[in-house]
Number of protein chains: 2
Amino acid sequence: MSVKRNSRHELREICRVAARVFYEKGYDRASMQDIARAVGLTKAGLYHHVGSKDRLLFEIMNYGMDILDEVVLARVRKIPDPSERLRATIVGHIDLVVRARDLEITVILNENRSLRGTLRRKINLRKSAYIHYLEDLIAEVQAGASHPPLVPPTLAAFALLGMINWLYQWYRPQGPVKQAELAEIYADFFFRGLLGK
Amino acid sequence: MSVKRNSRHELREICRVAARVFYEKGYDRASMQDIARAVGLTKAGLYHHVGSKDRLLFEIMNYGMDILDEVVLARVRKIPDPSERLRATIVGHIDLVVRARDLEITVILNENRSLRGTLRRKINLRKSAYIHYLEDLIAEVQAGASHPPLVPPTLAAFALLGMINWLYQWYRPQGPVKQAELAEIYADFFFRGLLGK
């Protein structure tokens, strides 16, 4: 059991370093030798851990989705009120996207055209599951309002994902708007758009 | 003058075809030979038109910003009411992002890390000009409301850009939500978020 945990820890460390190399050089241009060097492994050692370059890219994205589950969803799941749960999800997801530590993983998750076939489908399934979670939660919030829904939950969920996922393109935590302020303003903005108040 | 117009027309045709090749193969993997073949030029002919591969990528992005100016901004500039001008901008920008004809250009504009140095700065300047246009227009709309601004114009502008630019990741015009409906729902959603009504 501790062996298993260690090897997962090791895989995650490889993912973080490899994400940085892919981000800097581009997926096509980065070689497995570049990544092995950055991780401090031999090329054979790296292949032993990850199988192939495609598989490594998949593992990075999968790790990104794991973080979303662990850091955001696991923490909000027990909040009984749907509106509060949605607000906590928004704040948690923004936190994930803007923290510098995982910037490269965010970019790779957002720009995922390099992955193909089964591996791509697996990642897209995990992304779909998150979108469904948002749609259901949004519908629950709408059901608690005093008026009929103003916007279909699917369109609202993607509007929210657009607002949040786009942050990596422009938001800098060192800038004038602090993260807590950003999260509050965006959550308020989304709730007004959703409920009209 | 007609020569100039023809050569611009030719450059735009090259940009459209090259955008498709970059989109399919990835910028790094696509060779100038691939692009020359797709355009129906010799490699020397292509270099004559565009100078270099970096320059070609720049021309594609520049063309994308031209379309934004010509198709969206030129058409809304004369609308006197700020709220109507903002709504028309939203509808026009959504139209640009979702029409299949320019899908590849949208993707390349959104994922612009392959461009470096001066060329990258030039494109970023054009993007900034559009963001400033949105910020100013949003501030004007807020100034006409009966209450103080609920959200800083910059954050509202980027929320809007996120909602719209993210569409290329998920929206399919052949799907259940027609484009006109999408544009109306998103414009309404944004105005509620902005003004709270």
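Whatever comes next refers back to the structure up there.
Residue positions are counted from 1 within each chain, in the order its sequence is given. Chains and ligands are labelled sequentially in the order written, the chains with letters from A and the ligands with numbers from 1. Owing to the predicted nature of the model, reporting of local features is limited to residues with pLDDT of at least 70; listing and counting of side-chain atom pairs is limited to 80 or more, with chain, interface and lining totals taken over all residues. Hydrogens and water molecules were not included; the side-chain quantities draw on all heavy atoms of the structure.

Draft legend 1. Spotlight on the overall build of chain A. Looking only at helices and strands, chain A features ten helices and zero strands. The helix count covers DSSP runs of H or I at least four residues long, the strand count covers runs of E at least two residues long, and both are numbered beginning at the N terminus. Reading the helices (α) and strands (β) of chain A from amino to carboxyl end gives α-α-α-α-α-α-α-α-α-α. In terms of overall dimensions, chain A has a C-alpha envelope of 60 × 40 × 30 Å along the principal axes. Using a 1.4 Å probe on the protein chains alone, a residue whose accessible area is under 20% of its type maximum counts as buried, one over 50% counts as exposed, and one in between counts as partly exposed. The 197 residues of chain A split such that 50% are buried. Within chain A, contacts between residues at least 6 apart in sequence are counted, and of these 71% link residues at least 24 apart. Measuring between centres, the 30 positive side-chain charges of chain A sit 5 Å from its 22 negative side-chain charges. Residue contacts are counted whenever heavy atoms from the two residues lie within 4.5 Å of one another. Just so you know, the count uses Lys and Arg for positive and Asp and Glu for negative, and it drops His and the chain ends. Charged groups are reduced to one reference atom each: NZ for lysine, CZ for arginine, CG for aspartic acid, CD for glutamic acid.

Draft legend 2. Spatial organisation of the interface of chain A and chain B. The interface is formed by 36 residues belonging to chain A together with 35 residues belonging to chain B. Two parts placed together each lose some accessible area under a 1.4 Å probe, and adding up what both lose gives the buried area. Of all residues in chain A, Leu155(A), Trp166(A) and Phe189(A) give up the largest surface area on contact with chain B, accounting jointly for 21% of the area buried on that side. Note on definitions: salt bridges are taken to be side-chain nitrogens of Lys or Arg within 4 Å of carboxyl oxygens of Asp or Glu. Run the count over chain A and chain B and you get two salt bridges. Polar contacts, as used here, are pairs of N or O atoms within 3.5 Å; protein pairs need one atom able to donate a hydrogen and one able to accept it. Residues neighboring in sequence count only if both atoms are side-chain atoms. Inspection of the region where chain A meets chain B yields ten residue pairs in polar contact (both at pLDDT 80 or more). When contributions to the side of chain A that touches chain B are tallied by element, the ones reaching two or more residues are helix H1 (2-25), helix H6 (103-110), helix H8 (153-165), helix H9 (167-170) and helix H10 (179-195) of chain A. When residues of the side of chain A that touches chain B are assigned to their parent elements, the largest contribution, eight residues, is made by H10(A).

Draft legend 3. Structural context of the packing of H8(A) against helix H8 (residues 153-165) of chain B. Orientation is described by axes fitted as lines to C-alpha atoms, over the contacting stretch for helices, and by angles from 0 to 180 degrees between their N-to-C directions. Interaxial distance between H8(A) and H8(B) falls to 7 Å at its minimum, and their mutual angle equals 120 degrees. As far as their axial angle goes, H8(B) and H8(A) are oblique. In this structure, the crossing between H8(A) and H8(B) has a hand that is right-handed. The segment H8(A) lies against H8(B), with Ala159(A), Gly162(A) and Met163(A) engaging Ala159(B), Gly162(B) and Met163(B). Three categories are distinguished: nonpolar for Ala, Val, Leu, Ile, Met, Phe, Trp, Tyr, Cys and Pro, charged for Asp, Glu, Lys and Arg, and polar for the others, with Gly belonging to the last. Of the residues in the contact of H8(A) with H8(B), the class split is four nonpolar, two polar and no charged. To sort the angles, those under 35 degrees are grouped as roughly parallel, those over 145 as roughly antiparallel, those from 65 to 115 as roughly perpendicular, and the leftovers as oblique. Whether a crossing is left-handed or right-handed is set by the direction in which the near helix is turned from the far one by less than a right angle, anticlockwise for left-handed and clockwise for right-handed.

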